[in-house]
Amino acid sequence: MFPKLNDKLQVMSHAVVGFPNLEENEKAIAGLVESGVKLIELQVPFSDPVADGHTLVNACYDALKQGGSVKTTLELAKKVSKNHPEATFILMSYLNPLYRYGLEQLFVDAAAAGIKGLIIPDMPVEQFEPLMPKLDELGLAPILMVTPNTPDERVKRIAKSARGMIYVVSRMGVTGSQTMWGEEFHAYIKRIRSHTNLPLSVGFGIRGAEDLKALTGTAEVAAFCSKYIEWQRHEGSEAAAAHMKTLLADAQLV
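Source: prediction; values computed, not measured.

## Regarding the overall build of the chain
Consideration 1: Across its full length, the chain holds 12 helices and nine strands.
Consideration 2: Against the globule reference of 18 Å for 254 residues, the chain gives a C-alpha radius of gyration of 17 Å, in line with a compact fold.
Consideration 3: Expressed along its principal axes, the backbone C-alpha trace of the chain runs to roughly 45 × 45 × 30 Å.
Consideration 4: Burial analysis of the chain (254 residues in total) assigns 56% to the buried set.
Consideration 5: In the chain, the share of contacts with a sequence separation of at least 24, taken over all contacts with a separation of at least 6, comes to 73%.

## Points about the packing of aromatic side chains
Consideration 1: Considering all chains together, one arrives at five aromatic pairs under this definition.
Consideration 2: Ring centres 4.8 Å apart and planes at 75° place the aromatic pair Trp-181 and Phe-185 in the edge-to-face group. Pair check on accessibility: Trp-181 and Phe-185 agree, each one buried.
Consideration 3: When the centroid spacing of 5.4 Å and the interplanar angle of 40° are considered together, the rings of Phe-224 and Trp-231 count as tilted.
Consideration 4: We classify Phe-224 as buried; its relative accessible area is 0%.
Consideration 5: Every member of this aromatic cluster is reached through a ring pair, and the members are Trp-181, Phe-185 and Tyr-188.

## Quick word on unusual backbone geometry
Consideration 1: With an omega dihedral of -5°, the bond running from Phe-19 to Pro-20 counts as a cis peptide bond.
Consideration 2: For Asn-6, which is not glycine, the phi torsion reads 70° and is therefore positive.
Consideration 3: By secondary structure assignment, the location of Asn-6 is in the segment before strand 1 (10–16).

## Some details on the pairing of strand 8 (residues 200–203)
Consideration 1: The side-chain alternation of strand 8 yields two buried faces, one formed by Leu-200 and Val-202 and the other by Ser-201 and Gly-203.
Consideration 2: As paired elements, strand 7 (residues 166–169) and strand 8 share four bridges and run parallel to each other. Across the sheet, residue Val-169 finds its bridge partner in strand 8, namely Gly-203.
Consideration 3: By the bridge criterion, two bridges tie strand 8 to strand 9 (residues 221–223) in an arrangement that is parallel. Looking at strand 9, one finds that Val-202 is bridged to Ala-222.
Consideration 4: At this point the chain moves from strand 8, through helix 10 (residues 209–215), to the parallel strand 9, and the crossover so formed is right-handed.

## Thoughts on the pattern of salt bridges
Consideration 1: Taken as a whole and judged by the stated rule, the model has 15 salt bridges.
Consideration 2: In this structure, Glu-137 engages Lys-134 in a salt bridge whose closest nitrogen and oxygen atoms are separated by 4.0 Å. Of this pair, Glu-137 and Lys-134 both sit in helix 7 (residues 132–138), three residues apart, which is roughly one turn of the helix.
Consideration 3: Given a relative accessible area of 29%, Lys-134 falls into the partly exposed group.
Consideration 4: A salt bridge links Lys-227 to Glu-230, with the shortest nitrogen-to-oxygen separation between them at 3.7 Å.

Cut-offs and rules
- Residues numbered from 1 in each chain as written.
- Predicted model: local features only at pLDDT ≥ 70, side-chain atom pairs only at ≥ 80, totals over all residues.
- Heavy atoms only, no water.
- Helix = DSSP H or I, 4+ residues; strand = E, 2+ residues; numbered from the N terminus.
- Rg over C-alpha atoms; globule rule 2.2 N^0.38 Å.
- Buried < 20%, exposed > 50% of the residue type's maximum accessible area, 1.4 Å probe, protein only.
- Contact = heavy atoms within 4.5 Å.
- Phe/Tyr/Trp six-rings, centres within 6.5 Å; stacked < 30°, edge-to-face > 60°.
- Pairing = 2+ DSSP bridges.
- Right-handed = clockwise from strand over helix to strand, strands pointing away.
- Salt bridge = Lys/Arg side-chain N within 4 Å of Asp/Glu carboxyl O.

See below:
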């Protein structure tokens, strides 16, 4: 399940459903779990993933051609949650495909498929609030996002509806580029912590063991996604899992 406040840093990684193909997704996820990753986002591919950099944009484009969809994501979730009960699977999607599927039906079907959390970057807290009783009933945790520009009053509101953890976008921009972990970042983390006791997941720009070392003791989760997808694209899923295992060892997380 999700980490607790002040737990040792965990790495959350990523599968774009349909990239490189649907059959490979199962093998790739098995490799991630074997490497030591216990939090995995299953991304529904979308044609306009506005928060993602070119690595995930291109993976989404390829995944759509391979049949990636909400339906195939739920089918994959059902298989991998059964095969890997020690892992926590989080559905990550932009709102448009979920609306087309039917949002409330999606929640029911996701819970039935073993999904434990939801990351929907373009769904604001105001839309989550009336749905919270249903999500709590289903045991689905909305993992809501904050950015450096999120004002304190809004952070408070987000913290009230967030479950599981809060996703801290490390900087403005899109995924994939390097992030610096200086005084400004630490002040930002301190500000978010002043409004919540939930664990924090930091994403955007985590690309190596030094980044993970910098976040150890600062956050409970580090989202290591774009670099993993790069490894997967250029070297294959087996090599990507091997790189992930080495990464976790180098960062002293295993």
